[in-house]
Amino acid sequence: VQLQASGGGLVEAGGSLRLSCAASGRAFSRYNMGWFRQAPGKEREFVAAISWSGSSTYYADSVKDRFTISRDNAKNTVYLQMNSLKPEDTAVYYCAGDTIYGGPVRVLSADYTYWGQGTQVTVSS
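In this text, all values refer to a predicted model and were calculated from it rather than measured experimentally. (Residues numbered from 1 in each chain as written. Predicted model: local features only at pLDDT ≥ 70, side-chain atom pairs only at ≥ 80, totals over all residues. Heavy atoms only, no water.)

## Regarding the state of the cysteines
Then comes step 1: Summed over the entire model, instances satisfying the criterion amount to 1 disulfide.
Then comes step 2: Disulfide partner of C21: C95, at an S-S distance of 2.1 Å. Judged by the sign of its S-S torsion, about 60°, the cystine formed by C21 and C95 is right-handed. Placement of the pair is C21 in strand β3 (residues 17-23) and C95 in strand β9 (residues 91-98), with a sequence separation of 74 residues. Each member of the pair, C21 as well as C95, is classed as buried. (Disulfide = S-S within 2.5 Å. Helix = DSSP H or I, 4+ residues; strand = E, 2+ residues; numbered from the N terminus. Buried < 20%, exposed > 50% of the residue type's maximum accessible area, 1.4 Å probe, protein only.)

## Here's the deal with the pattern of salt bridges
Then comes step 1: Taken as a whole and judged by the stated rule, the model has 6 salt bridges.
Then comes step 2: Residue K64 pairs with D61 through a salt bridge whose shortest N-O separation is 3.1 Å.
Then comes step 3: Classification of K64 as partly exposed rests on a relative accessible area of 39%.
Then comes step 4: For R106, the salt bridge identified is with D98, shortest N-O distance 2.9 Å.
Then comes step 5: Taking relative accessible area as the criterion, D98 reaches 1% and is therefore assigned buried.
Then comes step 6: What you see here is one network of salt bridges that share partners, running through R37, E45, R66 and D89. (Salt bridge = Lys/Arg side-chain N within 4 Å of Asp/Glu carboxyl O.)

## Examining the sheet that holds strand β8 (residues 77-82)
Then comes step 1: Read across the open sheet, the 4 strands follow the order β1-β3-β8-β7; overall the sheet is antiparallel. Each edge of the sheet is formed by a strand with only one pairing partner; in this case those strands are β1 (3-6) and β7 (67-72). For this sheet the average axis-to-axis angle between neighbouring strands, irrespective of direction, equals 15°.
Then comes step 2: Where β1 and β3 come together, 4 bridges link them in antiparallel fashion. (Pairing = 2+ DSSP bridges. Axes fitted to C-alpha atoms, helices over the stretch in contact; angles between N-to-C directions.)

## Section: the environment of S109
Then comes step 1: With respect to the helices, strands and loops of the structure, S109 is situated in the loop between β9 and β10 (114-115).
Then comes step 2: With 78 residues separating them along the chain, S109 and Y31 place their C-alpha atoms 15 Å apart.
Then comes step 3: When residues no more than four places from it in sequence are discounted, the contact partners of S109 are F36 and W115. (Contact = heavy atoms within 4.5 Å.)

Spatial relationships are all this shows, so hold off on functional conclusions.
The structure is reproduced here in structure tokens:
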């Protein structure tokens, strides 16, 4: 499985961006998917995750009520809608695939097998 993230860019504080992660391979619909981010000088951190069916989602406290993760299995794509962006949201954002079919969504990066190349999000104050 290959993952291709896109949609990053430069936005002012309070603005919005929508990230996309396109996956190759027919097994995409069986994977829980996650978004992580890494700011300069910081460790990679969990942002959001969604179950294979889309019925279950989970968010980091720092983005809850501002970000929404969703997926379209027919298009092999997972999305991250980011609203009310803050300068502290500035980071490289990565999508990731968890190959444990049917399990709960997970928050540790070590649990994810497939990773996209990352897309830069910069929020100016």
